[in-house]
Amino acid sequence: MPESTIFITGTDTEVGKTWVSAALLQLLGRHGAALGCKPVSAGQTHPQPGEAPFAPFNEDVRWLQACSVPAVGDAPLLDAQVGPIQLDEPCAPHIAAARQGLSWDQDAAPLRSTVLGAVEALAARSRWLVVEGVGGWAVPLAQGWDSAALARDVCPPGSTGGVVLVVGLRLGCLNHALLTAQAVAASGLRLLGWVAKSGPQPMAHEAENLATLDALLPAPRLGHIPWLGDADVGHALRYDAAALRALAMRAASHLDQARLLRALGS
Ligand SMILES: Nc1ncnc2c1ncn2[C@@H]1O[C@H](COP(=O)(O)OP(=O)(O)OP(=O)(O)O)[C@@H](O)[C@H]1O
Ligand SMILES: C[C@H](N)[C@H](N)CCCCCC(=O)O
Ligand SMILES: [Mg+2]
């Protein structure tokens, strides 16, 4: 079993959870096997007209597969191991599932058992397991099972792991971050830390917003990942896993490794 399972949540969808997950994998992979999992994903990338053909893939799964660091001698992870449930449409997962005729609204048990089976298989091979949630903390998945319940399933209260919150720096993030931290605590889970992620436009009064989060969030800031303006993410995702790892390393250079290892108790 892993020393720690880290569940990555965010203040919203598209805030940088995958960037942070990939960066953590590359950073922690220096200290032992670090494997990534995106248990439920929604949205497949298909070749556009005129583009060289490739098999459709989910971008988050592709990132985590490329950036996972298996133990020496262990096999690289397969797409289906990193992303056991990959839905077609880029929307709320329970809606994407319904549109594909999956009956998650009737019974969560088959979904939960597939997902947790996949997570456990990776856990058995890793020192660090990084599990990326879907959207924000409370996104519904299936009847009686949501993203918060998934987090509790993969790093139960009392386990050595916990939650890392990614805060997308934009107006509104203070409220979303503080509500999420409250909800994590109410679930009985440990907030290990939080990471700020900038978008293409710098947030107005960024320093003051970061200071407010530092003062009010009940966990340490583990880093602030800037916008990497020159990154050709689309090309790297399609054709170049090494370029994805290089981008993840650039992102990781903005994380505080010592603080992270302290938060993980290592
Ligand atoms: N070149 C780049 N440098 C830094 N950040 C980028 C770059 N290109 C895109 N991004 C950021 O990545 C964000 C999406 O990040 P990411 O895919 O990690 O989000 P997410 O929280 O994982 O989303 P989801 O809920 O879909 O899983 C975009 O909103 C954008 O700000
Ligand atoms: C498709 C998207 N990028 C995410 N994977 C799914 C986000 C679900 C958000 C649901 C919601 O909070 O409204
Ligand atoms: Mg993501």
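Below is a summary of the structure that appears in this document. Note that the coordinates shown come from a computational prediction; the quantities given were computed from them, not determined experimentally.

## Remarks on the pairing of strand β2 (residues 34-37)
- Burial along β2 is two-sided: the face carrying Ala 34 and Gly 36 and the face carrying Leu 35 and Cys 37 are both buried.
- As paired elements, β2 and strand β5 (residues 128-132) share four bridges and run parallel to each other. Across the sheet, residue Leu 35 finds its bridge partner in β5, namely Leu 129.

## Considerations on the site of ligand 2
- As a matter of local geometry, ligand 2 sits amid Thr 13, Ala 42, Pro 90, Cys 91, Ala 92, Val 134 and Val 139.
- In the complex, 64% of the free accessible area of ligand 2, which totals 390 Å², lies under the protein chains.
- In terms of residue class, the shell around ligand 2 is made up of six nonpolar, one polar and no charged.

## Side note on the pairing of β5
- Counting buried residues in β5 gives five out of five residues, a clear majority hidden from the surface.
- Judged by which residues are buried, β5 turns out to be covered on both faces: Trp 128, Val 130 and Glu 132 on one side and Leu 129 and Val 131 on the other are all buried.
- Examined bridge by bridge, strand β1 (residues 4-10) and β5 share five bridges and lie parallel to one another. Within the sheet, the bridge partner assigned to Ser 4 lies in β5 and is Trp 128.

## Quick word on the environment of Gln 81
- Within the secondary structure, Gln 81 is located in helix α3 (residues 79-82).
- Residue class for Gln 81 comes out partly exposed when judged on its relative accessible area of 29%.
- Sequence-wise, Gln 81 and Ala 242 are 161 residues apart; in three dimensions their C-alpha atoms are separated by 20 Å.
- When neighbours within four sequence positions are excluded, Gln 81 is seen to be in contact with Cys 37, Pro 76, Leu 122 and Arg 125.
- Reaching out from Gln 81, the side chain makes a polar contact with the backbone nitrogen of Leu 78 at a distance of 2.8 Å.

## What to know about the site of ligand 1
- Taken together, 15 residues are adjacent to ligand 1, and Thr 13, Lys 17, Thr 18, Lys 197 and Leu 228 come closest.
- Here Lys 38 contributes a side-chain N or O atom positioned 3.3 Å from an oxygen atom of ligand 1.
- Lys 197 is positioned with one of its side-chain polar atoms (N or O) 2.8 Å from a nitrogen atom of ligand 1.
- The leading source of residues in the shell around ligand 1 is helix α1 (residues 17-28), at three residues.
- Here the residues of the shell around ligand 1 are counted per class, giving five nonpolar, four polar and six charged.

## Describing the sheet that holds strand β10 (residues 221-225)
- Pairing within the open sheet is parallel, and its six strands lie in the order β2-β5-β1-β8-β9-β10. Of all strands in the sheet, those bounded by a partner on one side alone are β2 and β10. The average undirected angle you get between the axes of adjacent strands in this sheet is 20°.
- Looking at chain direction, strand β8 (residues 162-168) and strand β9 (residues 191-197) are connected through six bridges and run parallel. Within the sheet, the bridge partner assigned to Val 163 lies in β9 and is Leu 191.

## Examining the pattern of salt bridges
- Considering all chains together, one arrives at 11 salt bridges under this definition.
- Across the salt bridge formed by Asp 256 and Arg 259, the nearest N and O atoms sit 3.6 Å from each other.
- Owing to a relative accessible area of 33%, Arg 259 belongs among the partly exposed residues under this scheme.
- Through salt bridges with shared partners, a single network forms among Lys 38, Asp 60 and Glu 132.

## Points about helix α7 (residues 173-186)
- A rise of 1.5 Å per residue sets the reference length of α7, with its 14 residues, at 20 Å; its end C-alpha atoms lie 20 Å apart and thus fit the reference within 8%.
- Regarding α7, the residues found buried are Cys 173, Ala 177, Thr 180, Ala 181 and Val 184. Buried residues along α7 cover an arc of 100° about the axis, so they all sit on one side. Among the exposed residues of α7, those pointing more than 90 degrees away from its buried face are Gln 182 and Ala 186.
- For α7, the elements touching its buried residues are β1, β8, β9 and α8 (206-216).
- Positive phi shows up at Gly 188, right after α7, with a value of about 85°.

Calculation notes
Residues numbered from 1 in each chain as written. Chains lettered and ligands numbered in written order. Predicted model: local features only at pLDDT ≥ 70, side-chain atom pairs only at ≥ 80, totals over all residues. Heavy atoms only, no water. Buried < 20%, exposed > 50% of the residue type's maximum accessible area, 1.4 Å probe, protein only. Helix = DSSP H or I, 4+ residues; strand = E, 2+ residues; numbered from the N terminus. Pairing = 2+ DSSP bridges. Near = heavy atom within 4 Å. Areas by Shrake-Rupley, 256 points an atom, 1.4 Å probe, with all protein chains shown as cover. Nonpolar A, V, L, I, M, F, W, Y, C, P; charged D, E, K, R; others polar. Contact = heavy atoms within 4.5 Å. Polar contact = N/O pair within 3.5 Å; in protein donor to acceptor, adjacent residues only side chain to side chain. Axes fitted to C-alpha atoms, helices over the stretch in contact; angles between N-to-C directions. Salt bridge = Lys/Arg side-chain N within 4 Å of Asp/Glu carboxyl O. Expected span 1.5 Å × (residues − 1). Arc of directions from axis to C-beta.

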